[in-house]
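An overview of the molecular structure
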Amino acid sequence: MAPVEVDVERPAGGDEPGRRHPNTCPSCRSHYRDDELRHALRVCAQCGHHFAVGALERIDQIVDPGSFEEIGGDLRAADPLAFVDLRPYTDRLLDAELATGLGDALVAGTGLVVGRPAALAVMDFAFMGGSMGSVMGERFCLAADAALARGIPLISVTASGGARMQENILALMQMAKTVGAVDQLREAGIPYISVLAHPTTGGVIASFASLGDIVIAEPNALLSFAGPRVVEQTTGEKTAPDFGRAESNLRLGQLDAVVPRRELRGELARLLLLFSPAEDEPTGEQGPVPVPDDATITGEGPVDRVLGRFGLGRRRG
Amino acid sequence: MVRVTDEVRRLRKRFEARAEESHVWDAVQLARHAERPYTLDYAERLFTDAFELRGDRAFSDDEALIALLARYHGQTVVAIGHQKGRDLSERTRRMFGMPHPEGYRKAIRAVELADRFGYPVLTFVDTPGAYPGVNAEERGQAGMIARSILAFCQASVPIVSTVIGEGGSGGALAIAVGDRVLMQENAIYSVISPEGCAAILWKDAGQARKAAYAFRPTAGACLDLGVVDAIVEEPKGGAHEDVDQAARLLDQAIRGALAEAEAVPAAQRRAARRAKFRRMGVWGVADEAAGETV
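Owing to the predicted nature of the structure, the values given are computational and were not obtained by experimental measurement.

**Quick look at helix α4 (residues 101-117) of chain B**
Residues and elements named next belong to chain B. With 17 residues, α4 should cover 24 Å at 1.5 Å per step; its first-to-last C-alpha distance of 25 Å lies within 8% of that length. Turning to α4, its buried residues are Pro-101, Glu-102, Gly-103, Tyr-104, Arg-105, Lys-106, Ala-107, Ile-108, Ala-110, Val-111 and Ala-114. For α4, the secondary structure elements touched by its buried residues are β1 (50-53), β2 (65-72), β3 (75-82), β4 (121-127), α5 (134-138) and α6 (141-154). Downstream of α4 by a residue or two, Gly-118 has a phi angle that is positive, lying close to 75 degrees.

See below:
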C-alpha cells in the first residue's frame, strides 16, 4: 500500500513531537482513538503512516490468539556499573517498566503464525528506546535456543536506537552474543526471519537484525548504523530526506522486501511455509497459504461491524 | 555539632572519586595519544615476514583496516587491524582508523582465508568507530559489521584479539570476537565514545570526562566484567614511551594467549567461542510475586 501524499499546512507551533498526541499522525495529522488505531494495526487510515507498536501488541498482530508463550520474562536488568548520568540507571529502568509493563525492551517466546510454530523475539521502542543491554541479549538467545530445541524458525521484530549506554561494554558484547546465537541457527539449518521496524539503528542493526536469512522492513522505517543527525554532525555531510529509510535500503540491496504492516502476518506465514519441509505442504487443491487481511488478525474492526449490519463482509483470504 | 569522622569519610570518598575520574580520563588520553603505536608499528616488531592483503574484491581497498599474511614465531598467521595515520595526509587516507564497509569486507575475506588454511588470526583493535558517513551507510555499514562478527564466530582457527588503543563500539567489535581477548593497560573499550555518551545522556559533549568515569571504558573495568581475559602491561608512561618494550610485552601476552586458544581442539573452537560470548552480561531475576528485582 503506497502512502497517499497529503500536503498539510502546518500551523505555527503545536507540532513539536513532544506536544503532539501520540495518536495524532505525525505525517498527516489525522487523529485516532486508541482502539481505532489498535484495530488498524496502528497504521494511519488516511496516509498509511506506521505508528510505533509495543512488543505485546505486535505479538498479538502476528501470532494466533492464545498461542504465545513467553520465555525469560522474569529476567531484569542489573546495574553492573552503578551508572548515573543525569538520573540513575535504576530509576530509568523503573520508569520504563511502569510505562510499558515490560521487564525489558525485548519479549521472547514461541507461538503459532497461521498455524505454524515459530520462536519470536519482539522489541519495544518505548522501553528505553529499545536499547540493547544484557537482558535483551539473553532473551534473544533464549528465543534462539527455543528455535533450536524445537527445530522451528526464529522471527525477530526490531525497533531500537542501539546498544544501552548504561551497560557500556557489556551492552556492546551483546552484539557478539546475539550473532553467536544466529551462528548456531545457521549451523543447525534453522531459518531466521528478521523484520525491521522503525527505527532499527546502531548495535541492533549492526548485529543479529541484519543477519536474517530473510530481512524485511516496514515502510519508511529508519534503518541505519548511524542516524542522520550523527552523520551530519560527525562528517558535515548532508543527508537526503530518504536517508536510511526502508525504501532506500531496498533499492541499495540491503533488504528482501518492504512489507506494509497489514500484510506482515500473511507474508510471515508464507515464509514459514516456504521454509517448511516438502511433506509438510498441504497436498491437493488447497493451493497457496491463505493470507489473512487485517480483520482476521485483530478480530472485527469498526468497518466490519458497519458492514455486518447490512449483511455485508469484507474480502477474506 | 559537626561529626568530624563523617565529614572526613565524605571528603575521602569525594577525593577517591576524583582520583578515579582522573585515572579513567588519563587512559582515554593515552589511548588516543598521537604517538601511540598503531597496528603496523607492532606488526614490524612482531612478525618476521609479512605480505599485505589488500582490497575487498568487490569495491575498493580500505586503508583504515589492514590485513597481513605474516610469520609469527615460525608459523603463518593472518593479522587484521585498524590503522590510524601519523601525519595529516596519512590520517586522511586512513580515515583516522574508521573503516567503511569495504574494510570489514576485507576483514571477512582475511578471516576466511585463515580458516581455509588453518592459520591463527591475530587482531589489533584501534578505532574511534566505524565511519558514520552517507557512503558508508549506503554500502551497508551495519550489515557488514554484523557479517564480520559472524565470520569471526564461524572460524574454527584460533583467534586472539588485542585492544591496543581505542576500542570504539561496533566498529571495534567487528574484529574483536576472539577466543582470547586482551587489552593493553592504557587502552579503552566502550560502546560509544565518552563524547558521544555525554552528548546523548548529559546533552553536552563537554561532559565527556564525567561520562567516561560513569561508564568506565578502562582495561581494569573490562577485566572485572569478564569482557577481556587479560591486561597487557605497557612501559611506564604508556606504550608510546618505549615502543620496542611495548611490543615485547604485547608479544609475550599474545604468544601465551595463542597457546591457550590453540589448546582447544579445532572441532570445539567455534562452539567454545560462542559460549564465551554467551556468558557475557549481568542480569537479575524478578520475583514475580513481589514484583521486585532480586
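**Structural notes on the packing of helix α1 (residues 4-31) of chain B against helix α9 (residues 208-215) of chain B**
Residues and elements named next belong to chain B. Where α1 meets α9, the closest approach of the two axes is 9 Å, and the angle between their N-to-C directions is 100 degrees. Regarding the angle of α1 to α9, the classification is roughly perpendicular. Contacts from Glu-20, Glu-21, Val-24, Trp-25 and Val-28 of α1 reach α9 at Arg-209, Ala-212 and Tyr-213. Here the residues of the contact of α1 with α9 sort into 5 nonpolar, no polar and 3 charged.

**Observations concerning the confidence of the model for chain A**
Residues and elements named next belong to chain A. Confidence in the prediction of chain A, expressed as mean pLDDT, is 87, and 82% of residues score 70 or more. Considering only residues more than four positions removed or in separate chains, one finds that residues 5-14, a stretch of pLDDT under 50, has 7 contacts. Across residues 294-317, where pLDDT falls below 50, the model places 29 contacts with residues more than four positions away in sequence or in other chains.

**Description of the domain arrangement of chain A**
All names here are of chain A. Partitioning chain A into structural domains gives domain 1 (1-51), domain 2 (52-276) and domain 3 (289-317). Taken together, the contacts link 9 residues of domain 1 with 11 residues of domain 2. A class-by-class count of the residues in the side of domain 1 that touches domain 2 yields 5 nonpolar, 2 polar and 2 charged.

Conventions used here
Residues numbered from 1 in each chain as written. Chains lettered and ligands numbered in written order. Predicted model: local features only at pLDDT ≥ 70, side-chain atom pairs only at ≥ 80, totals over all residues. Helix = DSSP H or I, 4+ residues; strand = E, 2+ residues; numbered from the N terminus. Expected span 1.5 Å × (residues − 1). Buried ≥ 20, exposed ≤ 12 C-beta atoms within 10 Å, placed from the backbone. Contact = placed C-beta atoms within 7 Å. Axes fitted to C-alpha atoms, helices over the stretch in contact; angles between N-to-C directions. Parallel < 35°, antiparallel > 145°, perpendicular 65-115°, else oblique. Nonpolar A, V, L, I, M, F, W, Y, C, P; charged D, E, K, R; others polar. pLDDT = per-residue confidence, 0-100. Domains from an automatic or database assignment.

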